[in-house]
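The lines below spell out each chain.
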Amino acid sequence: MDSLCAACGKPVKGGIGMGGTLLCRQCEPEISAEIEKLRSQGKPVNVAHIAHRIYKETHSGGNYLLRDIPEDLWLKAKHRAVDDGDSLRDLVLKALHAYLK
Ligand SMILES: [Zn+2]
């Protein structure tokens, strides 16, 4: 079984172990830069957390969670979706299509 890079999820050949976390050579510079930044800010460094965050950012294609939508805007949009027979998914996709026109 191949070992997988904790940041990109790809199989690792000759990877680098950092703080108990396995990284490939392509991801290591990005993680090192992040570690440098955290250290310079005096913040705790957790390589596994940094790698996991990068992994999630890399693999979020097509998924997006939106918080704090203005409540009245969201209510109006939901009511309109019900009136039009649209799901909330339809509503968001229609908005994206409209934006791209
Ligand atoms: Zn990697």
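Residues numbered from 1 in each chain as written. Predicted model: local features only at pLDDT ≥ 70, side-chain atom pairs only at ≥ 80, totals over all residues. Heavy atoms only, no water.

Asks: Got a minute to help me understand the layout of surface pockets in this structure?
Replies: Summary: where empty space remains is shown by rolling a probe the size of a single water molecule over the atoms. Taken as a whole, the largest pocket holds about 500 Å³ of empty space. Forming the boundary of the largest pocket are 15 residues, of which Tyr 64, Leu 66, Val 92, Leu 93 and Leu 96 lie nearest the centre. Among the secondary structure elements, those contributing two or more residues to the lining of the largest pocket are α3 (71–84) and α4 (88–100). The element that contributes the greatest number of residues to the lining of the largest pocket is α4, accounting for 6 residues. Partitioning the lining of the largest pocket into residue classes produces 12 nonpolar, 2 polar and 1 charged. (1 Å grid on protein atoms, 1.4 Å probe; cavity = no way out; pocket = protein on both sides within 12 Å on 5 of 7 lines; lining within 4 Å. Points joined across faces, edges and corners; volume = space filled by probe spheres on them. Helix = DSSP H or I, 4+ residues; strand = E, 2+ residues; numbered from the N terminus. Nonpolar A, V, L, I, M, F, W, Y, C, P; charged D, E, K, R; others polar.)

Asks: Where do I start with unusual backbone geometry in this structure?
Replies: It is generally the case that most residues other than glycine have a negative phi and that most peptide bonds are trans. Phi at Asp 68 takes a positive value of approximately 60°, unusual for a residue other than glycine. Here Asp 68 is to be found in the loop between α2 (47–58) and α3. Residue Asp 68 is classed as exposed on the basis of its relative accessible area, which comes to 77%. (Buried < 20%, exposed > 50% of the residue type's maximum accessible area, 1.4 Å probe, protein only.)

Asks: What am I meant to see in the nonpolar core here?
Replies: Generally speaking, soluble globular proteins have nonpolar side chains that are buried together. Ranked by size, the top nonpolar core spans 15 residues in total, and within it Cys 5, Ala 7, Leu 23 and Ile 31 carry the most contacts. Elements with a minimum of two residues in this core: α1 (28–40) and α2. Ranked by residues supplied to this core, first place goes to α2 with 4 residues. Apart from residues no more than four positions distant in its own chain, Cys 5 is found in contact with Lys 10, Val 12, Leu 22, Leu 23, Cys 24 and Cys 27. (Core = buried A, V, L, I, M, F, W, Y, C linked by side-chain atoms within 4.5 Å. Contact = heavy atoms within 4.5 Å.)

Asks: I'm lost on the coordination of the zinc ion in this one. Help?
Replies: Octahedral metal centres with six donors ideally show angles of 90 or 180 degrees, and tetrahedral centres with four donors ideally show 109.5 degrees. Distances from the zinc ion to its protein donors, Cys 5 (SG), Cys 8 (SG), Cys 24 (SG) and Cys 27 (SG), fall at 2.3 Å. Metal-centred angles of 105 to 115° between the 4 donor atoms at the zinc ion mark the site as tetrahedral. (Donors = N, O, S within 2.8 Å, 3.2 Å for Na, K, Ca; no water. Tetrahedral: all angles 85-135°; square planar, octahedral: opposite > 155°, others 65-115°.)

Asks: What is the right way to read a nonpolar patch on the surface from this model?
Replies: Residues Val 92, Leu 93 and Leu 96 make up a contiguous nonpolar surface patch of about 230 Å² in total accessible area. Structurally, the position occupied by Leu 93 is in helix α4. Look at Leu 93 and you get partly exposed, because its relative accessible area is 34%. (Patch = residues over 30% accessible without salt bridge, like charges linked within 9 Å, V, L, I, M, F, W, Y side chains within 5 Å. Areas by Shrake-Rupley, 256 points an atom, 1.4 Å probe, with all protein chains shown as cover. Salt bridge = Lys/Arg side-chain N within 4 Å of Asp/Glu carboxyl O.)

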